[in-house]
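Residues per chain, in single letters:
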Amino acid sequence: MAQIACIGEVMIELAAAEAGPQGGERKALSYAGDTYNTVVTLARLGTPTAYVTRLGDDHYSDAIIDRLAQESIDTNCIVRHEGKVPGLYMIHNSPDGEREFFYWRDRAPARQLFHIEGELSALAEQLDNTEMLYLSGITLAIIGDSGRQNLIKFLQTYKARGGKVAFDSNYRPRLWESPQQAQQANRDLLALTDLALLTLDDEELLWGTDGDAVAEVKARYRDCDIGQIVLKRGAEDVIILQGDSEERVDVPKVTDVVDTTAAGDTFNAGYLAAHLAGKTATEAAAQANRCAGIIIRHRGGVIDKQLFLDELAT
Ligand code: ADP
């Protein structure tokens, strides 16, 4: 039985493998997505997990399910949509070292999460004994207005039965019609959140700031009744807000940063695994920093499992 279910979209990723002939690009295929990165790391940390998404009935959807199963992630909540294929994105490395992302995800089956009545009731039953649900602002964005309305009702019922909700706002402006739409959706979700894993940069991007962004976060969510708000701030110490208390946890120095993709997602996995194991917020943040510190020293959002576990053990 999964202790936590992560809900969102996993995509096919095409990233640079090597330079191709005549300036062409050779791409390597893998799978990624914010909640997927988190669920894989959570499973590697030993937390019983399930992944909730919608996929197609094609070869790549099969391969994604195989990957999840290899990581011991429960895939029983994944719905297969006949005739569909997963979303895809490609990373282009420009000669000046910048990375540009191109997406083909508008018709991905994950967009229909929380849209279909029969699927919702089945999911409620499957997740009835799951302690916590985790989702992100990307999950919220892709399911659209009607998906969000159904999601809110779903979470209200889930919480009334004793379940807990964790949320990372992961703000991606181009997935939203307007910042106002994203603000409203975030507020609605945070009003149901027990553990908020926010990135200060995203908060500033979504809401703007007059200078003291941390004080603004506190004021913004005062009436949301969030048990713990964890503020990620890159290399700067993590801030944990619980009621009126504010605690800061040092981020160990990482001198050889290679790629910060999925730093926040991996941090969340480290935090959630410790939280679910009954650890204090300070202990959870320390484990989260260790996990994120590993991922940023390697290329990609999910690294080789053994490499991750070996580095965690050192
Ligand atoms: P996101 O990936 O969501 O933008 P952050 O950039 O705030 O999130 O990073 C998330 C976490 O990753 C940080 O809280 C920290 O643990 C770790 N991290 C990120 N950048 C660095 C860095 N330069 N040095 C050490 N740790 C880092």
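Structure shown above.
Let me begin by describing the structure that accompanies this report. (Residues numbered from 1 in each chain as written. Predicted model: local features only at pLDDT ≥ 70, side-chain atom pairs only at ≥ 80, totals over all residues. Heavy atoms only, no water.)

### Looking at the overall build of the protein chain
- Across its full length, the protein chain holds 11 helices and 14 strands.
- For 314 residues, the compact-globule formula gives about 20 Å, and the C-alpha radius of gyration of the protein chain, at 19 Å, lands near that figure.
- Based on the C-alpha atoms only, the size of the protein chain along its principal axes is roughly 60 × 50 × 40 Å.
- In the protein chain, the share of contacts with a sequence separation of at least 24, taken over all contacts with a separation of at least 6, comes to 68%.
- Counting 31 positive and 48 negative side-chain charges, the protein chain places the centres of these two groups 1 Å from one another. (Helix = DSSP H or I, 4+ residues; strand = E, 2+ residues; numbered from the N terminus. Rg over C-alpha atoms; globule rule 2.2 N^0.38 Å. Contact = heavy atoms within 4.5 Å. Lys, Arg positive; Asp, Glu negative; His and termini not counted. Charge placed at Lys NZ, Arg CZ, Asp CG, Glu CD.)

### Here's the deal with the site of the ligand
- Contacts to the ligand come from 16 residues, most closely from Thr199, Gly234, Gly264, Asn289 and Ala292.
- A distance of 3.0 Å is found between an oxygen atom of the ligand and a side-chain nitrogen or oxygen belonging to threonine 199.
- When isolated, the ligand has an accessible area of 550 Å², and the protein chains bury 82% of it.
- When residues of the shell around the ligand are traced back to their parent elements, those giving at least two are strand 12 (228-233), helix 9 (263-276) and helix 10 (281-295).
- Tallying contributions element by element places helix 9 first for the shell around the ligand, with 3 residues.
- Residue composition of the shell around the ligand, grouped by class: 10 nonpolar, 4 polar and 2 charged. (Near = heavy atom within 4 Å. Polar contact = N/O pair within 3.5 Å; in protein donor to acceptor, adjacent residues only side chain to side chain. Areas by Shrake-Rupley, 256 points an atom, 1.4 Å probe, with all protein chains shown as cover. Nonpolar A, V, L, I, M, F, W, Y, C, P; charged D, E, K, R; others polar.)

### Examining the sheet that holds strand 1 (residues 4-7)
- Strand order across the open sheet formed by 8 strands is 4-1-9-10-11-12-13-14, with mixed pairing between neighbours. Strands with a single pairing partner mark the edges of an open sheet, and in this sheet they are strand 4 (49-52) and strand 14 (245-249). Averaged over all adjacent pairs, the angle separating strand axes in this sheet is 20 degrees, with direction ignored.
- Bridging between strand 9 (residues 132-136) and strand 10 (residues 164-168) involves 5 bridges; their strand directions are parallel. Bridging across to strand 10, tyrosine 134 finds its partner in alanine 166. (Pairing = 2+ DSSP bridges. Axes fitted to C-alpha atoms, helices over the stretch in contact; angles between N-to-C directions.)

### A closer look at helix 6 (residues 179-190)
- In a regular helix each residue adds 1.5 Å, so 12 residues correspond to 16 Å; helix 6 covers 16 Å between its end C-alpha atoms and thus fits that length.
- Within the sequence span of helix 6, burial applies to Gln181, Ala182, Gln183, Ala185, Asn186, Leu189 and Leu190. (Expected span 1.5 Å × (residues − 1). Buried < 20%, exposed > 50% of the residue type's maximum accessible area, 1.4 Å probe, protein only.)

### A word on the pairing of strand 12
- Within strand 12, 6 of the 6 residues are buried, which leaves it mostly tucked inside the rest of the structure.
- Alternating positions in strand 12 separate into two faces, Gln228, Val230 and Lys232 on one and Ile229, Leu231 and Arg233 on the other, with burial throughout.
- As paired strands, strand 11 (residues 195-199) and strand 12 are joined by 5 bridges and run parallel to one another. Paired with leucine 198 across the two strands is leucine 231, which belongs to strand 12.

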